[in-house]
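Summary of structural features
Spelled out from the first residue to the last, the chains are:
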Amino acid sequence: MPNFLELGIEEPWVAALKENGIAVPTPVQTETIPLLLAGRDVIARAKTGTGKTIAFLLPILQRLDPSRSYPQALIIAPTRELALQITEEARKIARGTEIRILAVYGGQDVEKQLRKLEGGRHLIIGTPGRLNDHLRRGTLELGGVKTLVLDEADQMLHMGFLDEVEAVIQALPYQRQTLLFSATMPAEVKRLASFYTRDAEDVTIKVEQSPVPLKSIKQLVVEVTDRTKQQALVSMIDMYRPYLAIIFCRTKRRASALNAALLERGYASDELHGDLSQAKREQVMKRFREAKLQLLVATDVAARGLDVEGVTHVFNYDMPHEVESYIHRIGRTGRAGGKGMAVTLASPKDRGDLQRIEQGIQYAIERRRYEQDGAIVEVRGPGASGGKEAGRHKEQAGGPGRKASGGRGNAGRDGQRRSGREDKAVRAASRNGKDARGGSKRGASGGRNQSRGGTPPQGRRGRGTDAGRRGGRSGR
DNA sequence: AAAAAAC
């Protein structure tokens, strides 16, 4: 396995990576960086959480000319949060250099953005709407762009986005390098991709054999009814005690309503969707990243790209309608070699969608059923309606005394009651010399909800023993 | 079918 230097990344950048806890290139970085440095167009497909962002950022940053103060590279992302995240990542790596990076997205003051643009920027990272806004005003000049990246490329080239993306591309030189990155690339989108690239190298990283999502993500489907759905979710939060969890809903209104219900029950929860002000959205993301919130109730705005350390669980409160959505949603956990769990609630009307998802990922997801009395029982196989295996599952939802105190789950209130699974986590943590029970400071100070596991996820915390694929980075 | 993305 080559190191970054051998891939063509120069010493100062290797040092900057090291400062950010990144030492060993991931497979997608190993495969794409030499091609990108050589100026090739690339269509890259690699699973969620395997280091795609660094793969395109490094060659871009290294080849920017800071002495020329105009945009030389442009990265387009499908959501504002993702644009901001990529910007922060780029700024971390470029710290101490002359390189000026600007995020250009909607919901923030245009005038302020304008002044920053006038200051001269080398790298622009933005969302399509606001980029076009600036282009029409004549306040953004992209004629000097040598490299274009479409992050989450399949979404950017999809209906609803394509027109705006195309409009931005019109403002770029025809002679340029174009890079398309995503975890998913449906065939029809891939055909489209050839219109925007020239002699593109196709890079598909198969970290594992068959199932499309990462194996490090434990997937589960829990059969519920619309009536028991919310209770089932709460039971499972109390049972699995996520450090951080993202709960996906179908609509903005449903996300908002569910968040209100979780707040009512005493959880450290908040909502994220497009009906909120951009200031609120950024505040919520910040608090979630700091683990001041345990639960993030979101629409698909949070499905793609967001990389939040400590997300141990993803809950699909509402079944996603497309396999791509499922893959990206559950990919918010189990990142950078860590472990994660994805629980999808399925009501009877979700049968068709679920079937298509399992077909798409070529994998029959383990099935359970939530019963009226709060128990979670095993179901024999996909589609099986009655076949119980071995009766009650040993992980009794909620545990003793749940509900006794007016609804709020008190599982693990004293840190004593743990499932076998959590005991494993405790043992794993103590192997790594960490205080699993007391948790980190983050865990201990995370709001009044008591259902948080004290064990931050393994894999990125602390240097040394646990150098994961990203080299055991210590923070972001 | 919904969400995202400009004002």
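Nothing here was measured: the structure is a model prediction, and the numbers come from that model.

As for the overall build of chain A
The secondary structure content of chain A amounts to 17 helices and 16 strands. Looking at chain A as a whole, 58% of its 476 residues are labelled buried. Intrachain contacts of chain A at a sequence separation of at least 6 include 73% that bridge at least 24 residues. Summing over all exposed atoms, chain A offers an accessible surface of approximately 19,900 Å²; the carbon and sulfur share of this is 48%.

Remarks on the packing of helix α11 (residues 229-240) against helix α12 (residues 252-264)
At a closest axis distance of 12 Å, the pairing of α11 and α12 adopts a crossing angle of 55°. One way to sum up the angle between α11 and α12 is to call them oblique. The hand of the α11/α12 crossing is right-handed. The residues of α12 that touch α11, namely those facing Lys229, Gln230, Leu233, Val234 and Ile237, are Arg254, Leu258, Ala261 and Leu262. Tallied by class, residues from the contact of α11 with α12 come to six nonpolar, one polar and two charged.

Re the pairing of strand β5 (residues 147-151)
With respect to burial, β5 is a largely interior element, five of its five residues being buried. By the alternation rule, side chains of β5 split into Thr147, Val149 and Asp151 and Leu148 and Leu150, which are all buried. Both strand β2 (residues 73-76) and β5 contribute to a ladder of four bridges, which runs parallel. Considered in β5, the bridge of Leu74 is made with Leu148. Inspection of the sheet shows β5 paired to strand β6 (residues 177-182) by five bridges, in the parallel sense. From the neighbouring strand, Thr147 faces β6, where its bridge partner is Gln177.

Quick notes on the UniProt feature "domain: DEAD-box RNA helicase Q" (unreviewed entry) in chain A
Here the UniProt-annotated "domain: DEAD-box RNA helicase Q" (unreviewed entry) positions come out as residues 2-30. For residues 2-30, helix accounts for 59% and strand for 0%, while the C-alpha atoms at its two ends are 7 Å apart.

Topic: the nonpolar core
Of all hydrophobic cores here, the largest spans 42 residues; its most connected members are Phe56, Leu57, Leu61, Ile75, Ile93 and Leu123. Other than its neighbours up to four places away in sequence, Ile75 contacts Phe56, Leu57, Ile60, Ile86, Leu123, Ile124, Ile125, Gly126 and Val149.

Digging into a positive patch on the surface
Taken together, the side chains of Arg91, Lys112, Arg115 and Lys116 present a region of like positive charge at the surface. For the positive patch, the element with the most residues is helix α6 (residues 110-118), which contributes three residues. Mapping Arg115 onto the fold places it in helix α6. Assessed through its relative accessible area of 53%, Arg115 is described here as exposed.

Overview of the side chain of His122
Tracing the sequence through the fold places His122 in the loop between α6 and β4 (123-126). Taking the relative accessible area as the measure of exposure, His122 reaches 2% and is therefore buried. A polar contact is formed between the side chain of His122 and the backbone oxygen of Pro66, at a distance of 2.9 Å.

Regarding the protein's contact with DNA strand B
Not every one of the 23 residues close to DNA strand B is listed here, only the nearest: Arg130, Arg136, Gly274, Arg281 and Glu322. Near the protein, meaning within 4 Å, the atoms of DNA strand B are sugar or phosphate in a fraction of 69%, with bases accounting for the rest. Take Gly106: an N or O atom from its main chain is 2.9 Å from a phosphate oxygen of DNA strand B. For the surface near DNA strand B, the element with the most residues is helix α7 (residues 128-137), which contributes four residues. Here the residues of the surface near DNA strand B are counted per class, giving three nonpolar, 11 polar and nine charged.

Re the domain arrangement of chain A
Note: interface size is frequently given as the accessible area lost on complex formation between the parts. The domain boundaries assigned to chain A delineate domain 1 (4-204) and domain 2 (217-444). In this assembly, 18 residues from domain 1 lie in contact with 18 residues from domain 2. In this assembly, domain 1 packs against domain 2 so that about 1,500 Å² is buried in total across both faces, 51% of it on carbon and sulfur atoms. Contact with domain 2 buries area across many residues of domain 1, yet Thr48, Glu81 and Gln85 alone supply 38% of it, more than any other trio. Summed over the shared surface of domain 1 and domain 2, the result is three salt bridges. Between Arg304 and Glu152 there is a salt bridge whose closest N-O contact spans 2.9 Å.

A word on helix α4 (residues 52-63)
With 12 residues, α4 should cover 16 Å at 1.5 Å per step; its first-to-last C-alpha distance of 18 Å lies within 8% of that length. Here α4 lies mainly inside the structure; 10 of its 12 residues are buried. The set of residues buried in α4 consists of Lys52, Ile54, Ala55, Phe56, Leu57, Leu58, Pro59, Ile60, Leu61 and Gln62.

Notes on the packing of aromatic side chains
All told, the structure shown has one aromatic pair when counted by the stated rule. Both rings, one in Phe56 and one in Phe181, keep their centres 5.2 Å apart while their planes meet at 65°; by these two values the pair is edge-to-face. In this pair, Phe56 sits in helix α4 while Phe181 sits in strand β6, placing the two residues 125 residues apart along the sequence. A single burial state applies to Phe56 and to Phe181, both of which are buried. The ring of Tyr317 is capped by Lys229, whose NZ or CZ atom sits 5.1 Å from the centre of that ring.

Quick notes on the rules
Residues numbered from 1 in each chain as written. Chains lettered and ligands numbered in written order. Predicted model: local features only at pLDDT ≥ 70, side-chain atom pairs only at ≥ 80, totals over all residues. Heavy atoms only, no water. Helix = DSSP H or I, 4+ residues; strand = E, 2+ residues; numbered from the N terminus. Buried < 20%, exposed > 50% of the residue type's maximum accessible area, 1.4 Å probe, protein only. Contact = heavy atoms within 4.5 Å. Areas by Shrake-Rupley, 256 points an atom, 1.4 Å probe, with all protein chains shown as cover. Axes fitted to C-alpha atoms, helices over the stretch in contact; angles between N-to-C directions. Parallel < 35°, antiparallel > 145°, perpendicular 65-115°, else oblique. Left-handed = near helix turned anticlockwise from the far one by under 90°. Nonpolar A, V, L, I, M, F, W, Y, C, P; charged D, E, K, R; others polar. Pairing = 2+ DSSP bridges. UniProt positions renumbered as here; feature names shortened; annotations may be inferred. Core = buried A, V, L, I, M, F, W, Y, C linked by side-chain atoms within 4.5 Å. Patch = residues over 30% accessible without salt bridge, like charges linked within 9 Å, V, L, I, M, F, W, Y side chains within 5 Å. Salt bridge = Lys/Arg side-chain N within 4 Å of Asp/Glu carboxyl O. Lys, Arg positive; Asp, Glu negative; His and termini not counted. Charge placed at Lys NZ, Arg CZ, Asp CG, Glu CD. Polar contact = N/O pair within 3.5 Å; in protein donor to acceptor, adjacent residues only side chain to side chain. Near = heavy atom within 4 Å. Domains from an automatic or database assignment. Buried area = accessible area lost by both parts, 1.4 Å probe. Expected span 1.5 Å × (residues − 1). Phe/Tyr/Trp six-rings, centres within 6.5 Å; stacked < 30°, edge-to-face > 60°. Lys NZ or Arg CZ within 6 Å of the ring centre and 35° of its normal.

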